[in-house]
Amino acid sequence: MDKLSENQAAYYPGCALLTIDRAYNNSSKLVSKKMGVELVEIPDYNCCGIGEMKSKGAASMYMPLRNMMLAKNRLGSKNLVMACSVCYHEFRRSIARVRENKNELETVNAIFKEAGEFGEEYIPDGEARHILEFLYNEKGVDEVKRNTVKPLTGLKVAPYYGCLYSRPSMYTFTDKKPQMDNSERPRFMHDFLEAIGAETVFYGNEVQCCGGRNLIQDEETSFTLCSQTISKAKKAGADVIALICPKCAGALDVNQPKIVEKFGKDSELPIVYLTQLMALAFGFSKKEAEFGDMISDPLKALKEKGF
Amino acid sequence: MALKKQEQRPVAEKGEHIIARHLIEDDSIKEEKNLVIDGVDVSGRWNTFILSRVDSEFDRSFFREVKDTVVGSRINRCWQCGMCTASCTVTPLYRRFNPRAFIYMMQLGNLKELKKYIDVAWRCVGCYKCSQRCPKQVNPAEMMEALGLVIKKYFPEEVQSKLKVDEDVKKIYDDMILGHGRLDLAKLHTSAMQKTGRTKELLGKIERDAIFKMAKDGRAFSILRLGKPHNWNSSKEAMGNYLKNLNTIENSEA
Amino acid sequence: MAENILVVGGGPAGLNAATMLSELGVNVALVERDSFIGGNPKKFKYKFLFPDMQPADNVIGELIKKTESGGNIKVYYSSEVSDFKENGKKFDATIKSAEGSETKTFDSVIVATGFEHFDPARDAKYSYQLFDDVIDIKDLERMMGENNFVRPSNGQPPKNVAFILCVGSRDRHVGNQYCSRVCCTVSVKQAIELREHFPDCEVYIFYMDIRTYGFFEDLYWQAMEEHDVQIVKGRIAEITSGPDNTVVCKGEDTLLRGPFEIPFDMVVLASGMEGGSQSPEISKKLGIELDEHGFLKPENITLSPFKSNKAGIFLAGACTGPKAISDSITEGAAAAMNAYTYAVKNR
């Protein structure tokens, strides 16, 4: 395969974005392209492990790192961009660990060697980058402003970062590298939303957990946490909640009918991806941004607000 | 009160006659319902025996086992400040879920105490607030994974009886992630519902609406096209061998 | 004419004060009750000092060498101040030693009489002196200093050792409510040394708080993170004998709310610091104030911690309260400066 050009970036879609979370995938690509960078999917990607592999030692690091190898090997890119916060976390965790721990790097490389897929050793010189951080640092807020043709004036948005985009800083280095977002009080989504003309609301649950990890075994916990987040955002006057993680969408959006059934109308609020709102502001249609994919019906809310 | 209960029922509950019975855990009371020694009937309360509640050793082999794992490697750092439990998303919902205490029990090898919490031990949602805030960077979030490993090793029966759902779901994940290299979310959802005996819900209105919606907008078909990475079998085998040959509790066959 | 200054006590504080004054050309009379100088570190053969584990000899040996290598210091070994009177702004002191008595006039006085290790036998619940394998931090320090690092009862290496913090400190029942400041750091230091010496020996520290203040905290972190020393929260109420020649610590794990009785091969008591019998004695003799803790009382604890309530008499080191060797050395210098200024002013 051809190596990437200057205006391209290696992109890891992950399992959710290629299937259920098409909306996030498509809008991320649209927005990136508009901002001057084409996201090129790595071929043959594999699952990051979504946190379910953690107790399996170095195998949990092999999973994401195989994708880093693919990016380098097939697309000639040290870095890899991804939109899912869970994948992002798994990648950063693995990279941080093998950088810090030579033994673990050797173990991972032994697995690579046995698998025999790549003729070279893995060297942890590349970074996994979350789409939000990537666009923020590589293109900047001004680029967002420049591309905004239909500002979302009057739309009140509750930015929801969730857990793993900024936590823990021992993996994300969000607190050590000044160009990274803050772990406890992230700002990048706020800045982007304000750049596209929307108004952000403060509601206190920006970095709370959606409980998505145990959604299957323990939806009770997830429903309770999501209900808290949604109702707080609603109380703060938000029209929609903006996400940057498909797992959060699974909890807040897909399950919203069940949450409403259990906790009532206070827990009902349209859920969208940040990139969907950006795509809309950049002049793409609601269809192109796949707003219709969301269960919580943001189309109605957008229409009411005149978008 | 206790007397009245006894009058109603000829066979007393285990340890029922003990004053302040509520202070003693079930496991600490030994009492044979029917026991005859040297021809003397000492059934029930006549043979009641209360085990000592005093801990009489620190078992560090446990600590070493945890320290040898990837997720538990920083167990020696914890000084029990409670920042993890204070930060925890789950603790306010389930008071008995206390990462700080679990780490301490693992440090001291206090299996007796740990056993009482098997039913809540898996509740960590992996939000990493604890790891973000832990002043010693113990990484409590991952320490909860190590907790899962030790529970699995030392309490297989309890895992079977109390954590069956969790284990079943883990198995589904393993089969998909390791087996196929990719995660089929729809299949994950349906097989989990099946395993947990909630197949009926899949036919409920909410689930049906979602499935219909995805079939209509085409996403259901993209799931069918998810596929498998090329050469995945070589990765699968290499990881399988690695996991089999580990001499830690992470070993898949342990 | 050179000034004459009396220094009482030949520990780290007194020695540093004496050598500094000697360098200024002052005639120093150093009164030391023992037959050697170097104070408690010398007496109990401290081997390595926290926080950097440097050999104690680098510090104490250096101070002794400076003091004894001529200069203007006269050391009176095995001596005491038997009589003390004010003489205008100066002081007449009689120094009594094996060589006889000598009365001299001094321009100023530095009191650096130091501390005494709390005697754990005074708190019988710890069974100190009852069981050979119950020792305290000064005993362990001496054992290490003498390279005799084994279980006292049988000469074997220990398999598990418990440190008990706050012995004789923070305990109203023994009369000492204060924190002795250094025992935590000494304990973690010794725990590290134990783990290095016996890698198979598990080391536990029973604590209520761990007060390795300031940068001493590094040692505490090291003890846990590099040497796997385990801390257990709870004070030990009783030490009894256990099976297989062990000693049993009876306590409550306050974090799990459970009683425990754990057998150990060896127990090390982190006994604290006390003003000792010398503090009230010197207080009475020199007419300077004693505080409620049994240490000498500075005129103003914050503004002038090195001054006694009596003009011309200065204080340095652990005689005013528990402190680390480095603090004693600093105070020795501070007291020397002030004693010298006072002497020059009233020449």
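Scroll up a little and you will see the structure.
1. A closer look at the interface of chain A and chain B
Between chain A and chain B, the residue contacts involve 67 residues of the former and 63 residues of the latter. Where chain A abuts chain B, roughly 5800 Å² becomes buried across the two surfaces, and 59% of that area is made up of carbon and sulfur atoms. At the junction of chain A and chain B, the tally comes to 11 salt bridges. Measuring nitrogen to oxygen at the nearest pair gives 2.6 Å for the salt bridge that ties B:Glu145 to A:Arg213. Counting across the chain A and chain B interface gives 35 residue pairs in polar contact (both at pLDDT 80 or more). Those elements that place two or more of their residues in the side of chain A that touches chain B are helix H1 (14-17), helix H3 (59-75), helix H4 (85-100), helix H5 (102-115), helix H8 (169-172), helix H10 (219-235) and helix H12 (256-263) of chain A. Of the residues assigned to the side of chain A that touches chain B, the class counts are 27 nonpolar, 18 polar and 22 charged.

2. Thoughts on the packing of helix H6 (residues 131-138) of chain A against helix H9 (residues 188-195) of chain A
Residue and element names in this part refer to chain A. Closest axis-to-axis distance for the H6/H9 pair is 10 Å, and the angle between their directions is 65 degrees. As H6 runs across H9, the sense of the crossing is left-handed. In this structure, H6 uses Leu132, Glu133, Leu135, Tyr136 and Asn137 to contact H9, whose residues at the interface are Phe188, Met189, Asp191 and Phe192. In the contact of H6 with H9, the residues fall into six nonpolar, one polar and two charged.

3. Remarks on helix H4 (residues 137-145) of chain C
All names here are of chain C. In terms of burial, H4 is a largely internal element, seven of the nine residues being buried. Those residues of H4 that sit buried are Ile137, Lys138, Asp139, Leu140, Glu141, Met143 and Met144. Buried residues belonging to H4 abut strand S3 (48-49), strand S10 (116-117), strand S11 (134-136), strand S12 (160-167), helix H5 (183-197) and strand S18 (266-271). Backbone geometry just after H4 places Asn147 at a positive phi near 55 degrees.

4. Looking at the interface of chain B and chain C
The interface is formed by 25 residues belonging to chain B together with 25 residues belonging to chain C. Of the roughly 2100 Å² buried at the junction of chain B and chain C (both faces included), carbon and sulfur atoms supply 55%. Put simply, B:Arg77 and C:Glu225 hold a salt bridge, and the shortest N to O gap is 3.8 Å. Taken together, chain B and chain C are joined by 15 residue pairs in polar contact (both at pLDDT 80 or more). Secondary-structure elements contributing two or more residues to the side of chain B that touches chain C are helix H2 (60-67) and helix H4 (99-108) of chain B.

Calculation notes
- Residues numbered from 1 in each chain as written.
- Chains lettered and ligands numbered in written order.
- Predicted model: local features only at pLDDT ≥ 70, side-chain atom pairs only at ≥ 80, totals over all residues.
- Heavy atoms only, no water.
- Contact = heavy atoms within 4.5 Å.
- Buried area = accessible area lost by both parts, 1.4 Å probe.
- Salt bridge = Lys/Arg side-chain N within 4 Å of Asp/Glu carboxyl O.
- Polar contact = N/O pair within 3.5 Å; in protein donor to acceptor, adjacent residues only side chain to side chain.
- Helix = DSSP H or I, 4+ residues; strand = E, 2+ residues; numbered from the N terminus.
- Nonpolar A, V, L, I, M, F, W, Y, C, P; charged D, E, K, R; others polar.
- Axes fitted to C-alpha atoms, helices over the stretch in contact; angles between N-to-C directions.
- Left-handed = near helix turned anticlockwise from the far one by under 90°.
- Buried < 20%, exposed > 50% of the residue type's maximum accessible area, 1.4 Å probe, protein only.

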